[in-house]
Amino acid sequence: MNAAALLVILLSHDGYWFGGSGNQINIEWAAAVPMPAADLRWELMFETVQVASGKLEMAGEGMTTVRITPPQVRVRTTLRWRYSLTARAGGKELDHGEAPIAMFPRNLMEGIAHRIDSSRI
């Protein structure tokens, strides 16, 4: 089965997050037919370093939500959210993939008044 047709994954704020602020990823089955009992394992990665990870039972119907509070960053940083979906019976991998998450420092707008004070449009 095509991975794009198995799960629908929605990242809050389209994957543009502020470090230190809670965010969520909503996942649901793409088809409205009975699906096997499955476990979703995920990890948030910076290069080869695991920043966070977890495991959830996929809901048979409706949405499964992953809640993540990523670490604070000093500059814009790209993290990768990777997942693997396995059947509970037998452990067969049903799907896997990843999505980029752009992290921004919480003080991104600090000092903006001073920086644009003499600007004209």
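Everything discussed here concerns the structure shown above.
The numbering scheme is per chain: residues are counted from 1 as the chain's sequence reads. Per-residue local features of the predicted model are confined to residues with pLDDT of at least 70, and side-chain atom pairs are confined, for both listing and counting, to 80 or more; whole-chain, interface and lining totals are unaffected and use all residues. Heavy atoms throughout the structure, all of them, feed into the side-chain values; hydrogens and water do not.

A. Broad picture of the overall build of the protein. Helix and strand content of the protein: two helices and eight strands. Computation of the radius of gyration draws on C-alpha atoms alone. For the globule rule, the value is 2.2 Å times the number of residues to the power 0.38. Here the C-alpha radius of gyration of the protein, 18 Å, is well above what a compact globule of 121 residues would show, namely 14 Å. In terms of principal-axis extent, the alpha carbons of the protein reach across some 65 × 30 × 20 Å. With a 1.4 Å probe rolled over the protein chains alone, any residue whose accessible area is under 20% of its type maximum counts as buried; one over 50% counts as exposed, and the rest are partly exposed. Put simply, the protein has 121 residues, and 33% of those count as buried. It only takes one pair of heavy atoms within 4.5 Å for two residues to be counted as in contact. The long-range share in the protein, meaning contacts at least 24 apart out of those at least 6 apart in sequence, stands at 61%. As presented, the protein carries roughly 8,000 Å² of accessible surface, and 52% of it is formed by carbon and sulfur atoms. His is not counted, nor are the chain ends, whereas Lys and Arg count as positive and Asp and Glu as negative. To locate a charge, the coordinates of NZ of Lys, CZ of Arg, CG of Asp or CD of Glu are taken. Within the protein, the 12 negative side-chain charges are centred at a point lying 5 Å from the centre of the 12 positive side-chain charges. Numbering of helices and strands runs from the N terminus, with a helix taken as a DSSP run of H or I at least four residues long and a strand as a DSSP run of E at least two residues long. In these tables, accessible area is a Shrake-Rupley quantity obtained with a 1.4 Å probe, and a residue counts as shielded only by the protein chains included in the view.

B. Structural view of the sheet that holds strand β6 (residues 64–68). By definition, two strands form a pair when at least two bridges between them are found by DSSP. Here three strands make up an open sheet; going across it, the order is β1-β3-β6 and the pairing antiparallel. Looking at which strands have only one partner, the edges of the open sheet turn out to be β1 (7–11) and β6. With strand direction ignored, the average angle separating the axes of adjacent strands in the sheet is 20°. As paired strands, β1 and strand β3 (residues 23–29) are joined by five bridges and run antiparallel to one another. Along β3, the bridge assignment pairs isoleucine 9 with isoleucine 27. Note on method: axes are straight lines fitted to C-alpha atoms, helices fitted across the in-contact stretch only, with angles between N-to-C directions ranging 0 to 180 degrees.

C. Inspection of the pattern of salt bridges at higher detail. By convention in these notes, a salt bridge is any Lys or Arg side-chain nitrogen within 4 Å of a carboxyl oxygen on Asp or Glu. As enumerated under the stated definition, the model contains four salt bridges in all. With a shortest N-O distance of 2.4 Å, arginine 82 and glutamate 43 are connected by a salt bridge. Taken together, the positions of arginine 82 in strand β7 (residues 77–87) and glutamate 43 in strand β4 (residues 38–46) put the pair 39 residues apart, joining distant regions of the chain. Arginine 82 sits in the partly exposed class, given a relative accessible area of 28%.

D. Molecular detail of the sheet that holds β7. The five strands lie next to each other as β2-β8-β7-β4-β5, forming an open sheet whose pairing is mixed. Here the strands that pair on one side only, and so sit at the sheet edges, are β2 (16–18) and β5 (49–57). Averaged over all pairs of adjacent strands, the angle between their axes in this sheet comes to 25°, without regard to strand direction.

E. Local environment of the pairing of strand β8 (residues 93–104). As paired strands, β2 and β8 are joined by three bridges and run parallel to one another. Note on β8: the bridge partner recorded for tryptophan 17 is methionine 103. When β7 meets β8, the two strands line up antiparallel, connected through ten bridges. Across the sheet, the residue bridging to serine 84 is histidine 96, located in β8.

F. Expanded view of unusual backbone geometry. Phi at aspartate 14 takes a positive value of approximately 60°, unusual for a residue other than glycine. Examined against the element boundaries, aspartate 14 turns out to sit in the loop between β1 and β2. Overall, aspartate 14 belongs to the exposed group, its relative accessible area being 68%. Of note, the phi angle at glutamate 47 is positive, near 55°, even though the residue is not glycine. Mapped onto the elements, glutamate 47 comes out in the loop between β4 and β5.

None of this, on its own, says anything about what the molecule does.
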